[in-house]
Amino acid sequence: MSEQLRFIVEQLNREPFKKSFNLITFDSLDPMQLLQILNDVLAEIDPKQAMDIREEMPEQTIKRMCALLGMLKYKPPGNPSDVSIFRQGLVSGSKPVVHPILHWLLQRLPELKKRAYLARFLVKLEVPAEFLQDDVINDTSHQYEELVESFKTYHKECELLRTSGFSTAEIRRDISAMEEEKDQLIKRVDRLKKRVESVSNHQRMLDQARQLRVEKEKEESLTQQRQEQKNQLFQAEQRLQRAKQQLKDLRQAAADANPESLMKRLEEEIKINSYMVSEKLPKELEAMRRSVQYLQKISAEPAMGQADLQELEDKIKEADSQINQMIEKRMMRSDPMDDKLMLYRQQASIIIRRKESKAEELQEAREELAAAERDLTGRSSQAQDSEGGEIIRADELKRLVGKLRGKGAMYKKKRQEIAELRAEYGVLQRTEEILRQRHETVQQKLQTMEAEKGISGYSDTQEELERVSAIKSELDEKKGRTLDDMSEMVKKLNSMIVEKKSALAPIIKELRSLRQCCQELSQEYEEKKIQYESCTAGLESNRSKLDQEVKALREETSQEENRYHYINSMSEVIEMQIQRAAEEMKAYVSSDPQEKKKAIREVYMKNISEQELLGKKMREKQKLVRESHAANMEQMKLWSDLQQLMECKRQCFIRAQSQASIGQVIQEGGEDRLVL
């Protein structure tokens with residue numbers, strides 16, 4: 001626990017809190033101050049939490065803190081079922097509850113900041129199923145989900161860019177390195193030019209190498225264009241195959257369609273939709289309403305303890321036993337007719353359950369079909385936009401093009417350098433061969449001359465003796481220099497040691513006395529330090545008590561001032577009310593009819609009579625609406641059925657007319673059309 005408190009105090013004294021706590025002052029904080037510090041830490045994680053908890057109701061404060069801690073996935077220590085104990089400890093500002101929260105928050109501050117930031121944009125809205133039947137709400141919900149998914153992808157890309165290592169400093173270093181390489185390449189090119197100028201016909205060879213490079217680049221570009229055209233041809237063939245398949249499917253659908261099948265299909269869809277609207281959806285809506293009412297009732301009840309839960313369990317057991325007894329009594333009183341009807345009832349219930357399960361499967365299949373169609377349209381539009389390739393954003397494309405250009409330029413420079421080096425290598429190789437041939441001819445001549453003189457091998461022996469003598473002379477010189485240097489160094493070191501000893505002798509004497517003084521002073525310092533710490537702790541505790549007393553007195557003073565101002569304002573309000581009552585009494589007692597009309601009583605009586613007349617008219621109107629409601633609904637249903645029937649007839653007529661007009665010439669608006 002002491003380590004936990006020390007960690008909390010250290011973190012609160014740092015940025016961004018900048019508190020001036022120590023262990024004593026932090027441990028002596030009252031519950032309200034402790035809750036305010038917890039609220040400040042939560043405000044650092046989520047800026048919306050920044051407020052003074054004295055200006056807010058305690059229930060709202062605890063509700064807000066618990067909601068944020070739940071979003072941050074904080075788990076209270078101990079038994080997870082003791083949620084009520086945790087809430088009570090948080091309400092009272094208990095140290096065993098608040099200290100672990102502060103320790104957990106301060107350990108994970110950057111991570112929790114990120115989680116709170118993401119939680120604002122990734123909250124899933126639970127919309128009831130009956131509201132999703134509205135097209136506007138459904139579209140808005142889908143749009144919200146798409147925006148959440150796009151935010152996820154953009155956030156991941158942003159994190160990847162932050163951790164990818166691209167920075168201005170690295171780019172500047174790369175640019176400076178490339179400039180240095182450029183200077184080196186320029187110098188190397190100048191040196192190569194100077195070397196090549198001595199070769200005959202170098203300009204013609206350079207022109208031929210340049211022309212060869214240009215032809216190779218043309219060949220590469222033509223190969224790349226050929227590959228691109230092959231890819232485009234393959235994509236065009238795939239699009240053609242898809243279009244042919246779609247055309248074939250459409251023709252088959254048009255050939256199988258006739259008015260009887262369309263009518264039959266429409267009747268089946270109408271039956272299914274009417275069952276969904278009249279039976280299934282109202283039942284689901286009623287069940288959801290009951291569950292919502294039940295949950296609201298549970299949330300409105302106070303927190304339950306172990307005794308309350310035990311009492312509820314006893315009641316449930318008692319109710320189960322009563323139900324079992326009633327079932328046994330019913331089975332004992334049952335007659336044969338009820339048994340026969342029970343069989344039919346079971347069959348009917350089985351059919352109803354099957355019907356409901358099939359309706360649920362149909363609804364799920366429709367939702368899957370709609371999702372698949374949306375996915376298909378999105379992918380088809382994406383494929384059309386990208387022409388079958390991977391989607392690349394503008395900034396990535398620019399960066400890729402810049403990299404490719406830089407690599408292309410670097411590749412061209414390196415290839416040119418390699419070609420020049422190869423040319424230089426060929427020249428040097430040829431020169432080496434010529435010199436080797438000359439050396440071999442000279443050696444052969446020398447050997448023949450030595451053989452003629454009778455001293456064969458003399459030149460080799462002479463060269464070996466000269467080389468050995470040169471090596472021996474170099475080694476002798478190095479040995480002599482090394483011995484001289486070592487002797488001089490030893491003399492210098494001895495003289496420096498003597499000088500340092502003579503200079504350090506008085507200082508060592510002074511150091512011995514100073515060490516003794518230092519030991520005495522360190523002992524005295526430790527004693528004074530212990531006295532100072534004990535005195536500081538006592539003074540600090542007294543100061544904290546005085547601060548608490550001063551704060552309590554200030555709060556009491558502010559409360560008394562507020563009470564004084566409240567009493568003054570209430571007295572003024574009461575005086576105004578007394579004055580208004582006197583004026584009202586004067587107007588009511590007055591014999592002048594104009595004055596009586598100004599009275600509040602007369603105005604209220606007039607308003608009451610007007611509202612009674614209006615309520616009477618509205619009740620009569622409601623009665624008329626109720627009487628004509630059934631007939632109006634029946635008439636509306638008839639009109640909607642008639643509208644669907646006429647629409648079906650219109651579609652059938654249009655299709656029949658289109659089939660009958662095949663191979664005919666139709667004149668419309670002064671134009672002739674041949675229908676194939």
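Along each chain, the written sequence defines residue order, and numbers are assigned to residues from 1. Note on the predicted model: pLDDT of at least 70 is required for a residue's local features to be given, and 80 or more for side-chain atom pairs to be given and counted; whole-chain, interface and lining totals, by contrast, use all residues. Where side-chain values are given, they derive from all heavy atoms of the structure, hydrogens and water being excluded.

(A) Seen up close, a nonpolar patch on the surface. Without a salt bridge and with relative accessible area above 30%, a residue can belong to a patch; like charges are then joined within 9 Å and nonpolar side chains (Val, Leu, Ile, Met, Phe, Trp, Tyr) within 5 Å. Only the protein chains shown count as cover for residues, and the accessible areas themselves come from Shrake-Rupley with a 1.4 Å probe. Salt bridges are defined by distance alone: a side-chain nitrogen of Lys or Arg within 4 Å of a carboxyl oxygen of Asp or Glu. A contiguous nonpolar surface patch, about 410 Å² in accessible area, is contributed by Val123, Leu125, Val127, Phe131 and Ile137. Phe131 sits in the partly exposed class, given a relative accessible area of 46%. Three exposure classes are used, based on accessible area relative to the maximum for each residue type with a 1.4 Å probe and protein chains only: buried under 20%, partly exposed in between, and exposed over 50%.

(B) The arrangement of the layout of surface pockets in detail. If you add up the space inside the largest pocket, you get close to 1200 Å³. What lines the largest pocket is a set of 38 residues, among which Ala129, Leu132, Asn138, His142 and Glu367 lie closest to the centre. Elements supplying a minimum of two residues to the lining of the largest pocket: helix H8 (135-163), helix H11 (259-300) and helix H13 (336-386). Put simply, DSSP H or I for four residues or longer makes a helix, DSSP E for two residues or longer makes a strand, and each gets a number counted from the N terminus. Among the elements that make up the lining of the largest pocket, the one with the highest residue count is H8 (10 residues). Put simply, Ala, Val, Leu, Ile, Met, Phe, Trp, Tyr, Cys and Pro go in the nonpolar bin, Asp, Glu, Lys and Arg in the charged bin, and everything else, Gly too, in the polar bin. Among the residues forming the lining of the largest pocket, the class breakdown is 16 nonpolar, 5 polar and 17 charged. Of the voids in this model, the second largest pocket is the one considered here, and its volume is about 950 Å³. Forming the boundary of the second largest pocket are 28 residues, of which Leu206, Ala209, Ala419, Glu420 and Ala423 lie nearest the centre. Among the secondary structure elements, those contributing two or more residues to the lining of the second largest pocket are helix H9 (168-197), helix H10 (202-256) and helix H14 (394-453). Broken down by element, the lining of the second largest pocket gets its largest block of residues, 11 residues, from H14. Split by residue class, the lining of the second largest pocket holds 13 nonpolar, 5 polar and 10 charged. For cavity detection a 1 Å grid was placed over the protein atoms alone, and a set of points counts as a cavity when a 1.4 Å probe fits there but cannot get out; an open set counts as a pocket when protein lies on both sides within 12 Å along at least five of seven lines, with lining residues being those that have an atom within 4 Å of a point. Grid points are joined across faces, edges and corners, and a volume is the space filled by probe spheres set on the points.

(C) How the structure looks around a negative patch on the surface. The positive count covers Lys and Arg only, the negative count covers Asp and Glu only, and His and the chain ends enter neither. In this description, the location of a charge corresponds to atom NZ of lysine, CZ of arginine, CG of aspartate or CD of glutamate. Taken together, Glu179, Glu180, Glu181 and Asp183 make up a surface patch of like negative charges. On the secondary structure map, Asp183 appears in helix H9. Residue classification places Asp183 among the partly exposed residues on the basis of a relative accessible area of 43%.

(D) Representation of the nonpolar core in the model. The nonpolar core is taken to be a set of buried Ala, Val, Leu, Ile, Met, Phe, Trp, Tyr and Cys residues, with the residues joined through side-chain atoms within 4.5 Å. Membership of the largest hydrophobic core comes to 35 residues, with the highest contact counts inside it found for Leu12, Phe26, Leu38, Leu90, Ile101 and Leu105. Broken down by secondary-structure element, the contributors of at least two residues to this core are helix H1 (2-13), helix H3 (31-45), helix H4 (58-71), helix H5 (83-92), helix H6 (95-107) and helix H7 (109-121). Residues within four places of Leu90 in sequence aside, it is in contact with Leu35, Leu38, Ile62, Met65, Cys66, Val97, Val98 and Ile101. Contacts between residues were defined by any pair of non-hydrogen atoms, one from each residue, lying within 4.5 Å.

(E) Region of the structure containing the pattern of salt bridges. Counting across every chain of the model gives 14 salt bridges. A salt bridge links Glu111 to Arg115, with the shortest nitrogen-to-oxygen separation between them at 3.2 Å. Of this pair, Glu111 and Arg115 both sit in helix H7, separated by 4 residues, roughly a single helical turn. Note that Glu647 is salt-bridged to Arg650, the shortest N-O span being 2.8 Å. Of this pair, Glu647 and Arg650 both sit in helix H17 (residues 600-660), 3 residues apart, which is roughly one turn of the helix. In the salt-bridge network here, residues are joined through shared partners; they are Glu217, Glu220 and Arg415.

(F) Up close: the packing of H1 against H6. The interhelical angle for the contact between H1 and H6, taken along N-to-C directions, is 55°, at an axis separation of 10 Å. Here H1 lies oblique to H6, going by the angle between them. Of the two elements, H1 crosses H6, and the hand of that crossing is left-handed. Every residue of H6 that contacts H1 at Gln4, Leu5, Phe7, Ile8, Gln11 and Leu12 is listed here: His99, Pro100, Leu102, His103, Leu106 and Gln107. Looking at the contact of H1 with H6 residue by residue, the class counts come to 7 nonpolar, 5 polar and no charged. Axis angles are defined between N-to-C directions and span 0 to 180 degrees, where every axis is a line fitted to C-alpha atoms and, for a helix, only to the segment in contact. We call two directions roughly parallel when the angle between them is under 35 degrees, roughly antiparallel when it is over 145, roughly perpendicular when it lies between 65 and 115, and oblique otherwise. Left-handed is the label given to a crossing in which the near helix is rotated counterclockwise from the far helix by less than a right angle, and right-handed is the label when the rotation is clockwise.

(G) Structural detail: H5. Among all positions of H5, only Phe86, Gly89 and Leu90 are buried. Buried residues of H5, viewed axially, fall in a sector of 100°; they line one side. Seen from the open side of H5, the exposed residues pointing more than 90 degrees away from its buried face are Ile85 and Gln88. The elements touched by buried residues of H5 are H3, H4 and H6. A positive backbone phi angle near 70° is found at Gly93, which sits one or two residues after H5. Here, the arc refers to the directions that run from the helix axis to the C-beta atoms.

(H) Fine view of the state of the cysteines. Pairs of cysteine sulfur atoms within 2.5 Å are identified as disulfides in what follows. Counting across every chain of the model gives 0 disulfides. Note on Cys517: no disulfide assigned, nearest cysteine sulfur contributed by Cys518 at a separation of 8.7 Å. For Cys517, a relative accessible area of 42% puts it in the partly exposed group. Cys648 supplies the cysteine sulfur nearest to Cys652, a cysteine that is in no disulfide, at a spacing of 4.2 Å. Judged by its relative accessible area of 18%, Cys652 is buried.

(I) A look at the side chain of Thr61. Looking at where Thr61 falls in the secondary structure, it is placed in helix H4. Residue Thr61 is classed as buried on the basis of its relative accessible area of 5%. Those residues in contact with Thr61 that lie beyond four places of it in its chain are Ile53 and Glu56.

(J) The packing of H3 against H4, seen in detail. Put simply, H3 and H4 touch, their axes get as near as 12 Å, and they point 45° apart. Of the possible angle classes, the one that applies to H3 and H4 is oblique. For the pair H3 and H4, the crossing hand works out as left-handed. Across the interface between the two elements, Leu35, Leu38, Asn39 and Leu42 of H3 pack against Arg64, Met65, Leu68 and Leu69 of H4. Considered class by class, the residues forming the contact of H3 with H4 number 6 nonpolar, 1 polar and 1 charged.

(K) Main features of the confidence of the model for the chain. The quantity called pLDDT is the predictor's confidence in a given residue, expressed from 0 to 100. Chain-level statistics for the chain give a pLDDT mean of 78 and a share of 84% at 70 or above. When pLDDT is averaged over each element of the chain, H17 comes out on top at 89 and strand E1 (residues 665-668) at the bottom at 53. In the model, residues 387-392 has pLDDT below 50 throughout and makes 5 contacts with residues more than four positions away in sequence or in other chains.

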